[in-house]
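Overview (structure and organization)
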Amino acid sequence: MGEEKKKRVLIVEDAAYMREMLQEMLHQEERSYEVVGFAVNGKEAVEKYKELKPDIVTMDLVMEEMDGIQAIREIKRYDPNALIIAITALGMSEYKDAALAAGADEYLWKPFTINNLFEAFERLLRKRGRGSEGNE
Amino acid sequence: MKIERLNYRFLLLLSTVLACTILAFFVGFIREETIVYTHFFYIPILLAGVWYRRKAVYIALLLSSVYILVTLFSPQAALSVHIFERSAIFVAVAYVIGFVSEERAKGEEKLKETKEKIKEERDKLNLILESMDDGVCIISKDYKVEFMNKVLIDVFGYHVGDICYKAFHNRDEPCPGCKNTEVVKGKTVRWEWHSRRTNRTYDLFETPLKNIDGSISKLTIFRDISEQKRIEDNLRDAEERYRVIFEHALTALCVIEHGKFVSLANKEFETLSGYSREEIKGKKWIDFIADEDMDRVQNYCEERRKGEAPACCEFKFVSRNGEIKHVNAWIEPIPGADSCIASLLDMTELKRKEEELRETCKRLAELDKMKSDFLNVAYHELRSPLAPIVGYASMLERCELPDKGKRYLYNIEQSARQLEKLINRMLELARIDGKKIELSLEWVRIPEVVSEVVKSLEPEAKEKRQKISMSVPDIEVQADKQKLIAILSNLVSNAIKYTPEEGKIDINVEDRGEDICACVADTGIGIPEEHLPKIFERFYMVDTSLTRKSGSLGLGLSIVKEYVKLHGGIVWARSEVGKGSEFFFTIPKRRKAIKKGA
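Residues numbered from 1 in each chain as written. Chains lettered and ligands numbered in written order. Predicted model: local features only at pLDDT ≥ 70, side-chain atom pairs only at ≥ 80, totals over all residues. Heavy atoms only, no water.

Secondary structure summary: chain B contains 17 helices and 17 strands in total. Computed over C-alpha atoms, the radius of gyration of chain B comes to 63 Å, more than 25% over the 25 Å expected from 2.2 N^0.38 for 598 residues, which places it beyond the range of a compact globule. Principal-axis analysis of the C-alpha atoms places the extent of chain B at approximately 210 × 70 × 55 Å. Of the contacts made within chain B by residues no fewer than 6 positions apart, 56% connect residues no fewer than 24 positions apart. When the accessible surface of chain B is summed, it comes to about 36,600 Å², and 57% of that surface belongs to carbon and sulfur atoms. For chain B, the distance from the average site of its 94 positive side-chain charges to the average site of its 94 negative ones is 2 Å. (Helix = DSSP H or I, 4+ residues; strand = E, 2+ residues; numbered from the N terminus. Rg over C-alpha atoms; globule rule 2.2 N^0.38 Å. Contact = heavy atoms within 4.5 Å. Areas by Shrake-Rupley, 256 points an atom, 1.4 Å probe, with all protein chains shown as cover. Lys, Arg positive; Asp, Glu negative; His and termini not counted. Charge placed at Lys NZ, Arg CZ, Asp CG, Glu CD.)

What follows is the structure in structure tokens.
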């Protein structure tokens, strides 16, 4: 495999400082990731996904209008191959299970370090790599 | 003896006859009389008359013939008419004497018989008097004791001939309640008397008794009724006791006659029904039952009277002003009577309380949910701001920083980690309280758990130059691995925290067959004895002063306790101040019944 294409990332977060931080973190690995857009709630996330077709979505679970789990479900319905990583401060494992059941591919707990983030991304891509290989 | 006497008399009589004959012969011979001297013959006649009564006639006849014979053989005497005349006189005299003596003897015999009869009667009477249980005495008009029977003598002593009030009551004049005067005037009285001397109660029957001389005495019959009285008193006491129980029972009680009418009710029944006792008496039982419950209650009563059906029946009770009360009723048939006793317990208030309680429970459940929700939100809201702190700090690590900056960054990261840990613990406890914790059981290898814990805590220990040693057998238990790690790491991190630099921490796991027993020992500051029982309580801190070690909410050990409990094990501690502490916990190797959400 040659030079990998940059992964296009949609950040879904209702808190501005989190959006900014995620962007900052992803910029640290500019060669691999590119932030293509932001959404502040589930509804906007679905719209933005349809519009931008990103490779990866980081999805906060607690948001106004439409919550993250609902948004994951919508996006997955629209595009079953979408790669979604749920990021939340909710502690209970039920939420994790709910997010995974809705179709999230990875789960990351706040707070996380930059390393945690990239590890999660890598896990996500590895999984996809395997999955797409299997599909092909 | 009798025969001997008879013979003796007979011989005597014969010899008297012979002697008289000879005498009469010789006297007649000497006096030269023409007839035999006859006067001597009267002696045997008299004797025979006395002895043989009428049979004396035969003696007289014998004598007459002897007399005639003697006269015939007497030289002087000549047979004449006088001889027969005299013989006849002999017989006549003998007859008269015999008759008289017979009559006299008869009279004597009769007298003797009468006397015997009287004696017999008297003996009989005495026997009756002596053998009867009642005391009998006769007292004369002037208070003199004339007779006492044995019973009375046994009780009061022998006082016949004494003055009654002196003898019995030690008084100088007749007793105030004495009935003597009325009785001797002819009145019969009956009264009750309690003797202080014997401490017994008598029923006295006193009646006039006419003496032979016409005077009147008093006959008194004493009947001891103490026992009867005692039984009566006991009965009265028992009755009174049951009446009080009935009256003051906390349940409403009433007696139902023939399944229809209320004949008796207690105070509580008055309160329940709102009717007075007088109004209740004779009221129909069904008047107290709400229409919709009528058939059911009647059936129940009927069945209870037959001894069937369960003991309790719930129905709506109608009180005076039409107010409906919920009661629990017990109907119990009274043995030997066509009636039963109903006890009614007013459940109205209880029902209301129950409703209230249900309401409260609901409210509490709501509050509990609110608490849970709040905790979840609080958890989320507290963790969210931590995200940029940790995130940016981790990014800063990648930047070129001066040494000072690195140290600052390190401190920020440490604080953030500590904060995260505290928030996690709070949520964990909240979830334990809400019974939301479930164990995800798997076969866990103990050495794996221990080394994982040690690995994660080793940096902290190294910082304090502490040495962690362990002795762990290679065994598996059925447990929740994450919880097991939490238990052990809580204990080990406490050990590290409370052990001074260069101290020693020892982890020891023992295979005990059914379960394992783990021990975390340190050479730390120790825990004072009075604190030991409480250290597993929530928010309990041994040191609450401002100089305490920070970074603790007193939650770690309570989480340990809850987790161990969830696994079905127990946890305890042993410590000596200044020397160190030992924390033990057990985990059963195999869960017998996995309780979901225990």
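Moving on: the environment of G405 of chain B. Residues and elements named next belong to chain B. Here G405 lies in helix α14 (residues 403–433). We classify G405 as buried; its relative accessible area is 16%. Sequence-wise, G405 and R31 are 374 residues apart; in three dimensions their C-alpha atoms are separated by 203 Å. (Buried < 20%, exposed > 50% of the residue type's maximum accessible area, 1.4 Å probe, protein only.)

A few words now on the interface of chain B and chain A. Contacts between the two partners involve 18 residues from chain B, matched on the other side by 25 residues from chain A. Of the roughly 1,800 Å² buried between chain B and chain A on both sides combined, carbon and sulfur atoms contribute 64%. When the buried area of chain B at its contact with chain A is split by residue, H380, M395 and R398 of chain B rank highest and sum to 31% of it. There are 1 salt bridge connecting chain B and chain A. Between E29 of chain A and R398 of chain B there is a salt bridge; the shortest N-O distance is 3.7 Å. Joining chain B to chain A, the criterion identifies 3 residue pairs in polar contact (both at pLDDT 80 or more). Of all the elements in the fold, those that place two or more residues in the side of chain B that touches chain A are α12 (348–383), α13 (386–397) and α14 of chain B. Looking at which element gives the most residues to the side of chain B that touches chain A, the answer is α13 of chain B, with 8 residues. Residue composition of the side of chain B that touches chain A, by class: 9 nonpolar, 5 polar and 4 charged. (Buried area = accessible area lost by both parts, 1.4 Å probe. Salt bridge = Lys/Arg side-chain N within 4 Å of Asp/Glu carboxyl O. Polar contact = N/O pair within 3.5 Å; in protein donor to acceptor, adjacent residues only side chain to side chain. Nonpolar A, V, L, I, M, F, W, Y, C, P; charged D, E, K, R; others polar.)

All names here are of chain B. Judged by side-chain charge, E109, E113, E116, E120 and E121 come together as a negatively charged surface patch. Examined against the element boundaries, E120 turns out to sit in helix α4 (residues 81–131). Judged by its relative accessible area of 51%, E120 falls in the exposed class. (Patch = residues over 30% accessible without salt bridge, like charges linked within 9 Å, V, L, I, M, F, W, Y side chains within 5 Å.)

Here we take up helix α2 (residues 42–52) of chain B. Given 3.6 residues per helical turn, the α-helix brings residues three or four places apart onto the same face. All names here are of chain B. The set of residues buried in α2 consists of P44, I45, A48, G49 and Y52. In a view along the axis of α2, the buried residues occupy a sector of 140°, so they form one face of it. Following α2 by one or two positions, R53 adopts a phi angle in the positive range, close to 50°. (Arc of directions from axis to C-beta.)

Moving on, we come to the packing of aromatic side chains. For the structure on display, the rule yields 21 aromatic pairs over all chains. Between Y107 of chain A and W109 of chain A the ring centres are 5.3 Å apart and the planes differ by 80°, which places this aromatic pair in the edge-to-face class. By relative accessible area, which is 8% here, Y107 of chain A ends up buried. Note on W109 of chain A: relative accessible area 33%, which makes it partly exposed. When the centroid spacing of 6.3 Å and the interplanar angle of 45° are considered together, the rings of F156 of chain B and Y202 of chain B count as tilted. Of this pair, F156 of chain B sits in helix α5 (residues 150–156) while Y202 of chain B sits in strand β4 (residues 200–210), and the two are 46 residues apart along the sequence. In this structure, F156 of chain B and Y202 of chain B share a single accessibility class: buried. Ring pairing ties together the aromatic residues F156, F168, W193, Y202 and F222 of chain B, which thus form one cluster. Sitting over the ring of W191 of chain B, K179 of chain B keeps its end group 3.9 Å from the ring centre. It is K483 of chain B that lies over the ring of Y563 of chain B; its NZ or CZ is 5.4 Å from the centre. (Phe/Tyr/Trp six-rings, centres within 6.5 Å; stacked < 30°, edge-to-face > 60°. Lys NZ or Arg CZ within 6 Å of the ring centre and 35° of its normal.)

To continue, consider the packing of α2 of chain B against α4 of chain B. Angle between the axes and distance between the axes: these two values describe a pair of packed helices. Residues and elements named next belong to chain B. For the pair α2 and α4, the least separation of the axes is 8 Å and the interaxial angle reads 30°. If you check the angle between α2 and α4, you find them roughly parallel. Crossing of α2 against α4: the hand is right-handed. Of α4, the residues touching α2 (which contributes Y42, I45, L46, G49 and V50) are I89, F90, V93, A94, I97, G98 and S101. Looking at the contact of α2 with α4, its residues break down into 9 nonpolar, 3 polar and no charged. (Axes fitted to C-alpha atoms, helices over the stretch in contact; angles between N-to-C directions. Parallel < 35°, antiparallel > 145°, perpendicular 65-115°, else oblique. Left-handed = near helix turned anticlockwise from the far one by under 90°.)

Our next topic: a nonpolar patch on the surface. A grouping of L18, I22, F26, F29 and I30 of chain B is seen on the molecular surface, where their side chains present a nonpolar patch of about 520 Å² in accessible area. In this structure, L18 of chain B sits in helix α1 (residues 2–31).

Residue and element names in this part refer to chain B. In this structure, strand β16 (residues 571–576) lies alongside strand β17 (residues 580–588), joined through 6 bridges in antiparallel fashion. Bridging from a neighbouring strand, S575 pairs with S581 of β17. The turn linking β16 back onto β17 is made up of 3 residues, and G578 within it adopts a positive phi angle of 90°. (Pairing = 2+ DSSP bridges.)

All names here are of chain B. Scanning all chains against the criterion turns up 0 disulfides over all chains. With no disulfide of its own, C175 lies closest to C178 among cysteine sulfurs, the gap being 5.9 Å. Between C312, a cysteine without a disulfide, and C313, which holds the nearest cysteine sulfur, the sulfur-to-sulfur distance is 7.0 Å. On the accessibility criterion, C312 (34% relative accessible area) is partly exposed. (Disulfide = S-S within 2.5 Å.)

Let us look at the sheet that holds strand β14 (residues 504–511) of chain B. Hydrogen bonds between backbone groups are what pair the strands of a sheet, and the pairing can be parallel or antiparallel. Residue and element names in this part refer to chain B. Ordered in space as β12-β14-β15-β17-β16, the 5 strands form an open sheet in which the pairing is mixed. The open sheet is flanked by β12 (467–471) and β16, the only strands paired with a single partner. Along the sheet, successive strands turn relative to each other by an average axial angle of 15°, direction set aside. For β14 and strand β15 (residues 515–522), the ladder comprises 7 bridges, and the chain directions are antiparallel. Paired with V509 across the two strands is A518, which belongs to β15.

Moving on: unusual backbone geometry. Residue P111 of chain A is bonded to the preceding K110 of chain A through a cis peptide linkage, with omega at -5°. Examined against the element boundaries, P111 of chain A turns out to sit in the loop between β5 (106–109) and α5 (114–135). For Y143 of chain B, which is not glycine, the phi torsion reads 65° and is therefore positive. Here Y143 of chain B is to be found in the loop between β1 (135–139) and β2 (145–148). Residue Y143 of chain B is classed as buried on the basis of its relative accessible area, which comes to 15%. Despite not being glycine, H258 of chain B shows a phi value in the positive range, around 50°. Residue placement: H258 of chain B occurs in the loop between β6 (252–257) and β7 (261–265). Residue classification places H258 of chain B among the partly exposed positions, given a relative accessible area of 46%.

All names here are of chain B. Inspection of the sheet shows strand β3 (residues 189–195) paired to β4 by 7 bridges, in the antiparallel sense. Each residue of the ladder has a partner; that of R190, found in β4, is F205. Taking the residues that link successive antiparallel strands as the turn, the β3-β4 hairpin has 4 residues, and the phi of N199 there is positive, at about 55°. Between β4 and the antiparallel strand that follows it, strand β5 (residues 216–224), lie 5 residues; G214 among them carries a positive phi value of about 90°.

Read these as spatial facts, not as claims about activity.
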